[in-house]
Every structure is written in structure tokens, then in C-alpha cells.
Amino acid sequence: MLMRIFDFFGRMMNDQQAQPAVLKPIVVQKKSVSLSSDKLKSNAFQIKKSYGSDGYDKVTPWLIKHLIPAGSNGVWFGQSQSFKTFALIDIACRIATEKKFSDLPTKHGLVFIIAAEGQNGVSKRVRAWELQNNCVVGERLIVVPHAVFPTDKAQRLSLIDEMKSESNRQDLPVSLIIFDTMSQCSNGMSENEAGEVSKYLQSCKSIGEPVGATVINVHHTKKDSDDFRGSSTIVSNVDFLISMKRDKKYANSTKLNLTKMKEGSVNFQWDLELESCEIDAVDQEGESVNTLFLSDTIFTKLDGPVEKSGVKNPQYRTDASWLRGYLNECTDVQIPLSQIKQTMSAMLSVPVDDKLSMRLERAKKYLVDARVITILKLGREGYVQLIEPDSEIS
């Protein structure tokens, strides 16, 4: 009997040991964390605000008056071989040396050119500018001979650090940053994707802002079109748009127009002329090296008389005034164009070349539009005839 009792209790003990242990839940008491109001303010997004008409009298700062706003973000576009880079190098050199552009004041400062397509062509064009303007640009124009991707954070910060370093070393602010070209610096961006284009241009803006510089991207047009290539979101992501179109009649002439100007008028136009010059360098065969430089700029205000800001009267108006006076003095009613060219050449002491022909062409067009003269074709020769000899030119 006793043995059965021991056996019974033995089986019970074995059953209890075989049953799995029951785990009791551990209750963790939550500790509330409260941030001070100062800590919350430091972590919060800061809202900027103004009231009513505050700032209405703030003057728009210009890098070049009427053309490039200071501290802005823009795109400079045109067809291939429309002389975009030549024009921008002239502007860059003038900003770096504190010289006027087309008699318009410039803001002096350092200029960075991101020459993604190579430094060689840029250096030759800068040297041509120096020789023609009898002025050395020196260290105030910094050329980066490779692409920099604004959308790459590391490259973006590296460029900003380099600009700050140069600015401190030379004790001059950075005024202008040129990305030549947008395509080469966009790191495979799809130009037709609005989101990617917007991100790229905002990244460019974030490069200019820390140093207070204007950023310009050199861009191309669509094939067989005067409109810029890619997404139309470019318009809403920049402060200004500048287009260039080469003159089909005269080989080395081009026209510069404002397509958008956020804080100014677009009713201005520049006619640019280029000439070839020899620089003090030779190629591998020992022959002299030639390149183009910007030789003349004609500034025009399109919506009325040129304002009194040190801007000269457009050349074509001066030429038109001379042409009308010359025709008034002639006894013949119809004057051959060839005779007018020769007379104009002798008066100006310049050869009868494409440059003179262009000046005469612009003066003629102005007088035709004003209904002062008419152009006649008699055989192979062109003739000019006065319609209203005593009419006023507006």
C-alpha cells in the first residue's frame, strides 16, 4: 500500500516537471518626455513674414543693369553656334574687371565658370578679350575644367567651400557662377521630367545663395526651334531667361533677348557683333591661333526712348539720322545703295565690309518702318528714296 502511494506522488511530480513554464508578462511603465519650449523652437521650421506693403521701395540689385539681376538664378539658351559662350565670357571678364557692358554698369566680383566641356576654348577666348581690352583678368575669373553636379550633395558643398575660400583669399565677393552647359552638369537628368529639372535648378540656387552670387546655366534650344529644350518647368524655376539667336544674314552677328525677367522689364535687346583676332599662342605646327571676341554691342530699349541711365542712343538711330540727312542733301530722288555705302565708308573711315553693311541695313529698316524712306529695285541695283523729306524720326 505504501509503495502505491509513493508511486502515485512520483508520477505527479514527473507530470509537473514536463509541463512548460508559464511566462508572466513584464509590464513596462512608460516615462513621458517633455521638451522645453526653447527646444521645440530650435527644432521647428522657421516662418518668415512681413506686413502689408513692407519692402515695396526695395531697389532691385543688378549684376548688369537690365540684363542680369544680382543674387539670382537664370538660364541662358540658344541654338548651337549662336555665340552663347563668347557673350558670357565677355560678360564674365567685365564683371571680374569692373568694366561696363554695353555702357551698362556691372557689379564687381569673382566669377566661377564650370567649363564642363573643357578649359582650352575658354582660356583662348579670355585671352582674346584681354588683348582687345588691354586688361588682364587674372585670378578674379576662376575656371573649373570639369563638370560639377549641383544635385550631388558632396560636389555641391565642395564648390561652395571653394568659392568661400577664394572670396576670403581675394577679399572679393563671388558675383557670378556659370554652368557651361546645363546638360553636362546635370548628371544624367531627364530634361523632359519636370521634377528632375526643378530639383536641378533648385540645387543650383542653393549653390548661389550662401555666397550671394547669380547662377547661370547655359542651355540649348530644341532642334529647328528657338524655344529652350526640355521641360517648361524651367520658366517657373528661374528668375530670368535670356535667349540668343544668330543672324542668318551676317556670319558673326547675334541677337540677345530677354524672355523672362522676374523683377524687371523684358523690353530690352542687344545686337552683338564678333570679330576674329590673333592671340599670342601657336598650334602644334607653329601657326598662330585665332579666335572670336565680342567687338560691338548695341543696346536698345524696345518700348520707348532709352532711359537716362548713361545708355547711349542706339547706333542704328544715329546712322538713320545721318542717312536721312544725306538723302535730303542729294539732288537725285533715288540714290543707289552702293553710293550710300561708299559715302558712309568714307565718312566713318572704315572699309565697306559686313559690319558696315549691317549698320546700313539696320538704319534702312528703322527708316522704312518709320515710313521715311522706301527701297526700290531697279535691275540688279537697289535704290533708296525719301518718302517724307522733312518728317521727324521718333
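Residues numbered from 1 in each chain as written. Predicted model: local features only at pLDDT ≥ 70, side-chain atom pairs only at ≥ 80, totals over all residues. Heavy atoms only, no water.

Caption draft 1: Main features of the pairing of strand β4 (residues 110-115). Burial analysis of β4 places 6 of its 6 residues in the buried class, the great majority of the element. The alternating pattern of β4 places Leu110, Phe112 and Ile114 on one face and Val111, Ile113 and Ala115 on the opposite face, and all of these are buried. With 4 bridges joining them, β4 and strand β5 (residues 141-144) adopt parallel strand pairing. Each bridged residue has a counterpart across the sheet, and for Ile114 the counterpart in β5 is Val144. Handedness of the crossover is the feature at issue here: the chain leaves β4, passes through helix α4 (residues 120-133), returns alongside β5, and the resulting connection is right-handed. (Buried < 20%, exposed > 50% of the residue type's maximum accessible area, 1.4 Å probe, protein only. Helix = DSSP H or I, 4+ residues; strand = E, 2+ residues; numbered from the N terminus. Pairing = 2+ DSSP bridges. Right-handed = clockwise from strand over helix to strand, strands pointing away.)

Caption draft 2: Seen up close, the side chain of Glu191. Looking at the secondary structure, you find Glu191 in the loop between α6 (182-185) and α7 (194-208). If near-sequence neighbours (up to four positions away) are discounted, Glu191 is found in contact with Ser183, Val197, His219, Arg229, Gly230 and Ser231. (Contact = heavy atoms within 4.5 Å.)

Caption draft 3: Here's a closer look at the sheet that holds strand β13 (residues 373-378). Here 3 strands make up an open sheet; going across it, the order is β12-β14-β13 and the pairing antiparallel. Strands with a single pairing partner mark the edges of an open sheet, and in this sheet they are β12 (334-336) and β13. Sheet twist, expressed as the mean angle between neighbouring strand axes with direction ignored, is 35°. Pairing geometry for β13 and strand β14 (residues 381-386), over 6 bridges, is antiparallel. Paired with Lys377 across the bridge in β14 is Gly382. Where helix α8 (residues 315-329) meets the sheet, it contacts β12, β13 and β14, and its direction lies at approximately 85° from that of β14. Running over the sheet, helix α9 (residues 337-348) touches β12 and β14 and is turned about 65° from β12. (Axes fitted to C-alpha atoms, helices over the stretch in contact; angles between N-to-C directions.)

Caption draft 4: Region of the structure containing the pattern of salt bridges. Enumeration according to the criterion identifies 14 salt bridges in this entry. Across the pair Arg127 and Asp280 runs a salt bridge, and its minimum N-O distance is 2.8 Å. Of this pair, Arg127 sits in helix α4 while Asp280 sits in strand β10 (residues 268-282), and the two are 153 residues apart along the sequence. Taken together, the salt bridges that share partners define one network made up of Lys255, Asp271, Glu273 and Arg362. (Salt bridge = Lys/Arg side-chain N within 4 Å of Asp/Glu carboxyl O.)

Caption draft 5: View of the packing of α8 against helix α10 (residues 354-369). Two elements in contact, α8 and α10, have axes whose closest approach is 8 Å; the angle formed by their N-to-C orientations is 75°. With respect to α10, the axis of α8 lies roughly perpendicular. Contacts from Gln315, Tyr316, Arg317, Asp319, Ala320, Leu323 and Arg324 of α8 reach α10 at Arg359, Leu360, Arg362, Ala363, Lys364, Tyr366 and Leu367. Counted by class, the contact of α8 with α10 contains 7 nonpolar, 1 polar and 6 charged residues. (Parallel < 35°, antiparallel > 145°, perpendicular 65-115°, else oblique. Nonpolar A, V, L, I, M, F, W, Y, C, P; charged D, E, K, R; others polar.)

Caption draft 6: A look at the sheet that holds β5. One open sheet accounts for 9 strands, arranged β5-β4-β6-β7-β3-β8-β9-β10-β11; its pairing is mixed. Two strands close off the open sheet at either side, each with one partner strand: β5 and β11 (288-301). Taking each pair of neighbouring strands and ignoring which way they run, the sheet shows an average axis angle of 20°. Pairing analysis gives 5 bridges linking strand β3 (residues 73-78) to strand β8 (residues 240-246), with the strands arranged parallel. Bridge pairing in β8 places Trp76 opposite Ile242.

Caption draft 7: Spotlight on helix α5 (residues 153-170). The end-to-end C-alpha distance of α5, which contains 18 residues, comes to 26 Å, matching closely the 26 Å that a straight helix rising 1.5 Å per residue would cover. For α5, every residue scored as buried is listed here: Arg156, Leu159, Ile160, Met163, Glu166, Ser167 and Gln170. Along the long axis of α5, the arc covered by the buried residues comes to 130°, so they all point the same way. Seen from the buried face of α5, the exposed residues on the opposite side, beyond 90 degrees, are Lys153, Ala154, Asn168 and Arg169. For α5, the secondary structure elements touched by its buried residues are β4, β5, β6 (174-180) and α7. (Expected span 1.5 Å × (residues − 1). Arc of directions from axis to C-beta.)

Caption draft 8: Structural context of the nonpolar core. Judged by nonpolar contacts, the single largest core of 43 residues is most densely connected at Leu67, Ile68, Trp76 and Trp270. If you tally residues by element for this core, the top one is helix α3 (residues 84-97), at 9 residues. In this structure, Ile114, Ala116, Ala213 and Phe228 belong to the second largest nonpolar core, which totals 31 residues. (Core = buried A, V, L, I, M, F, W, Y, C linked by side-chain atoms within 4.5 Å.)

Caption draft 9: Seen up close, the environment of Phe101. With respect to the helices and strands, Phe101 occurs in the loop between α3 and β4. Measuring from C-alpha to C-alpha, the distance between Phe101 and Leu67 comes to 9.7 Å, with 34 residues separating the pair along the chain. Sequence-distant contacts of Phe101, defined by excluding residues within four places in its chain, comprise Ile64, Leu67, Asp90, Ile91, Arg94, Thr106, Trp270, Leu272, Leu294 and Thr297.

Caption draft 10: Structural view of the packing of α5 against α7. Running from amino to carboxyl end, α5 crosses α7 at an angle of 25°, the nearest separation of the two axes being 9 Å. In terms of orientation, α5 and α7 fall into the roughly parallel class. Of the two elements, α5 crosses α7, and the hand of that crossing is right-handed. On α7, the residues touching Arg156, Leu159, Ile160 and Met163 of α5 are Ser203, Ser206 and Ile207. Grouping the constituent residues of the contact of α5 with α7 by class yields 4 nonpolar, 2 polar and 1 charged. (Left-handed = near helix turned anticlockwise from the far one by under 90°.)

Caption draft 11: Structural detail: the pairing of β3. Within β3, 6 of the 6 residues are buried, which leaves it mostly tucked inside the rest of the structure. Neither face of β3 is open: one carries Asn73, Val75 and Phe77, the other Gly74, Trp76 and Gly78, and all of them are buried. Note: β3 against strand β7 (residues 214-220), 6 bridges, orientation parallel. Bridged to Trp76 within β7 is Val218.

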